Amino acid sequence: MFISPKNTDLLLIEAQNENLYLKLIEQLNKDFNLANEGVDFPMSISPNELKIQLQEKM
């Protein structure tokens with residue numbers, strides 16, 4: 001059973017542990033583009049930098 005992480009840091013750690021981090025970046029890029037927001041996070045972005053850029057975008 002999936003238990004959702006309590007915060008962004010835990011989500012990013014879990015994504016890395018489950019080898020889902022790159023999929024997360026791909027999905028974020030797709031979602032922002034579908035919402036007509038010009039965002040293209042590079043696949044090499046660190047989890048901490050991703051968090052910062054997401055917070056700035058929101």
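Since we're looking at a predicted model, the values are computed, not measured. (Residues numbered from 1 in each chain as written. Predicted model: local features only at pLDDT ≥ 70, side-chain atom pairs only at ≥ 80, totals over all residues. Heavy atoms only, no water.)

Visitor: Is there a simple way to think about the pattern of salt bridges in this case?
Guide: Proximity of charged atoms lets side chains of opposite charge pair with each other. Here the structure, examined in full by the defined rule, presents two salt bridges. A salt bridge links aspartate 9 to lysine 51; the shortest N-O distance between them is 2.9 Å. Residue aspartate 9 is found in helix 1 (residues 8-17), and its partner lysine 51 is found in helix 3 (residues 47-57); the two are separated by 42 residues along the sequence. A salt bridge links glutamate 37 to lysine 57, with the nearest nitrogen and oxygen atoms 3.0 Å apart. Taken together, the residues glutamate 37 in the loop between helix 2 (21-34) and helix 3 and lysine 57 in helix 3 connect sequence positions 20 residues apart. On the basis of relative accessible area, lysine 57 is assigned to the partly exposed category, the value being 37%. (Salt bridge = Lys/Arg side-chain N within 4 Å of Asp/Glu carboxyl O. Helix = DSSP H or I, 4+ residues; strand = E, 2+ residues; numbered from the N terminus. Buried < 20%, exposed > 50% of the residue type's maximum accessible area, 1.4 Å probe, protein only.)

Visitor: What is the right way to read the nonpolar core from this model?
Guide: Counting residues in each nonpolar core, the largest one holds 11 residues, listed as Leu12, Ala15, Tyr21, Ile25, Leu28, Phe32, Val39, Phe41, Ile45, Leu50 and Leu54. The set of elements that each furnish at least two residues to this core consists of helix 1, helix 2 and helix 3. Among the elements that take part in this core, helix 2 stands out by supplying four residues, more than any other. When residues no more than four places from it in sequence are discounted, the contact partners of alanine 15 are Leu20, Tyr21 and Leu24. (Core = buried A, V, L, I, M, F, W, Y, C linked by side-chain atoms within 4.5 Å. Contact = heavy atoms within 4.5 Å.)

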